[in-house]
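What follows is each chain in one-letter form.
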Amino acid sequence: MSEIEFRSDVTVELVRGSAHDSDVLFAARVSTQGEQTLTKALLEESEAEASTGDAGLINYLMRDRHGSPFEHNSMTFYVQAPIFVFREFMRHRIASYNEESGRYRELNPVFYVPASTRNLVQVGKPGAYDFLPGTAEQAALVDQLTREASAHAYASYQRMLEAGVAREVARIVLPLNIFSSMYVTMNARSLMNFLSLRTKREGTHFPSFPQREIEMCAEKMEDQFALLMPLTYAAFNKNGRVAP
């Protein structure tokens, strides 16, 4: 049996990004300029220099929630994370997903175990709660039992495969903390909706309470978004991190 690997992180890589602030601008200006916008729309991003009014227009669109100009772009991410994260991810029906299949390939023995710094104790009530650090004893218990359960489950998985049981049947014993991988593609408007719900930030108009593991994915996606579309990203934060 392959050696079991335990991880406390996630992987997010930008595979393709056709997303620029200029995409928002030409899409918005077609409302008043029509075919005159086509010349700038055909320019490469490096040639489409920002004017002094560009940031103001993007901020206006964000503030007044004129959302469709933020849809004319695309970002594709490769994500490695535990399956329980993907089940939350795919609640967002505003993206396209393709995930690694446990029916068609043998799953690798890579499992998530919370880092020692991960908060463990929930306080408050649903909709208004927070998480606090656990005791050293709680952290040790989570670590020990997660590792033991993962190893036992994968051993059972391997025994069934070795006995000739189909992968789609053998996989049923695997826990939610096993890692999977997927490609996810979305536009900036969809990504801002995702970020507004899956990150916790001070000063947001609508506070959110995401599970830490999906927030880890969201933070890495946000870093890429900020680099690709800095004016849009600044307007998103300036206006309370509400998707337009």
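In what follows, the accompanying structure is described.

Conventions adopted
Residues numbered from 1 in each chain as written. Predicted model: local features only at pLDDT ≥ 70, side-chain atom pairs only at ≥ 80, totals over all residues. Heavy atoms only, no water. Helix = DSSP H or I, 4+ residues; strand = E, 2+ residues; numbered from the N terminus. Buried < 20%, exposed > 50% of the residue type's maximum accessible area, 1.4 Å probe, protein only. Contact = heavy atoms within 4.5 Å. Core = buried A, V, L, I, M, F, W, Y, C linked by side-chain atoms within 4.5 Å. Polar contact = N/O pair within 3.5 Å; in protein donor to acceptor, adjacent residues only side chain to side chain. Pairing = 2+ DSSP bridges. Axes fitted to C-alpha atoms, helices over the stretch in contact; angles between N-to-C directions. Salt bridge = Lys/Arg side-chain N within 4 Å of Asp/Glu carboxyl O.

## Some points on the environment of Ala28
Mapped onto the fold, Ala28 is located in helix H1 (residues 21-33). Ala28 sits in the buried class, given a relative accessible area of 14%. When near neighbours in sequence (up to four residues on either side) are disregarded, Ala28 contacts Leu57, Leu61 and Pro69.

## Notes on the environment of Val110
Residue placement: Val110 occurs in strand S5 (residues 110-112). Sequence separation between Val110 and Glu5 is 105 residues, and the spatial gap between their C-alpha atoms is 4.7 Å. Discounting residues that sit within four places of it in the chain, Val110 has contacts with Glu5, Arg7, Asn177, Ile178 and Phe179.

## So, the nonpolar core
Counting residues in each nonpolar core, the largest one holds 42 residues, and the members touching the most others are Val79, Phe89 and Leu191. The leading source of residues in this core is helix H8 (residues 212-228), at 7 residues. Not counting residues within four places of it along the chain, the set of residues in contact with Phe89 comprises Tyr97, Met182, Val184, Phe194, Ile214, Cys217 and Met221.

## Description of the side chain of Thr11
On the secondary structure map, Thr11 appears in strand S2 (residues 11-18). Look at Thr11 and you get buried, because its relative accessible area is 17%. At 2.9 Å, the side chain of Thr11 forms a polar contact with the side chain of Arg7. Filtering out sequence-adjacent residues up to four positions away, Thr11 remains in contact with Tyr78, Val79 and Gln80.

## Section: helix H7 (residues 188-198)
The periodicity of an α-helix, 3.6 residues per turn, causes residues three or four positions apart to be oriented the same way. When you tally the buried positions in H7, you get 8 out of 11 residues, the bulk of the element. Here H7 has its buried residues at Ala188, Ser190, Leu191, Met192, Phe194, Leu195, Ser196 and Arg198. Capping the start of H7, Asn187 holds a side-chain oxygen 3.1 Å from the backbone nitrogen of Arg189, two or three residues further along.

## Looking at the sheet that holds strand S4 (residues 96-99)
Read across the sheet, 4 strands follow the order S2-S3-S8-S4 without closing on themselves; strand pairing throughout is antiparallel. Sheet topology places S2 and S4 at the edges, where each strand pairs with a single neighbour. Between one strand axis and the next, the sheet turns through 15 degrees on average, direction left out of account. As judged from the 4 bridges shared by S4 and strand S8 (residues 179-186), these two strands associate in the antiparallel manner. Opposite Glu99, over in S8, you have Met182 as the bridge partner. Contacting S2, strand S3 (74-82) and S8, H8 runs over the sheet at an angle of about 160 degrees to S3.

## Description of the pattern of salt bridges
By the definition in use, this model includes 16 salt bridges. Note that Arg189 and Glu71 form a salt bridge whose closest N and O atoms lie 2.5 Å from each other. Separated by 118 residues along the polypeptide, Arg189 in helix H7 and Glu71 in the loop between helix H3 (52-63) and S3 bring together distant segments of the chain. Residue Lys200 pairs with Asp130 through a salt bridge whose shortest N-O separation is 3.3 Å. With Lys200 in the loop between H7 and H8 and Asp130 in strand S7 (residues 128-132), the pair connects residues that are 70 residues apart, well separated along the chain. On the accessibility criterion, Lys200 (37% relative accessible area) is partly exposed.

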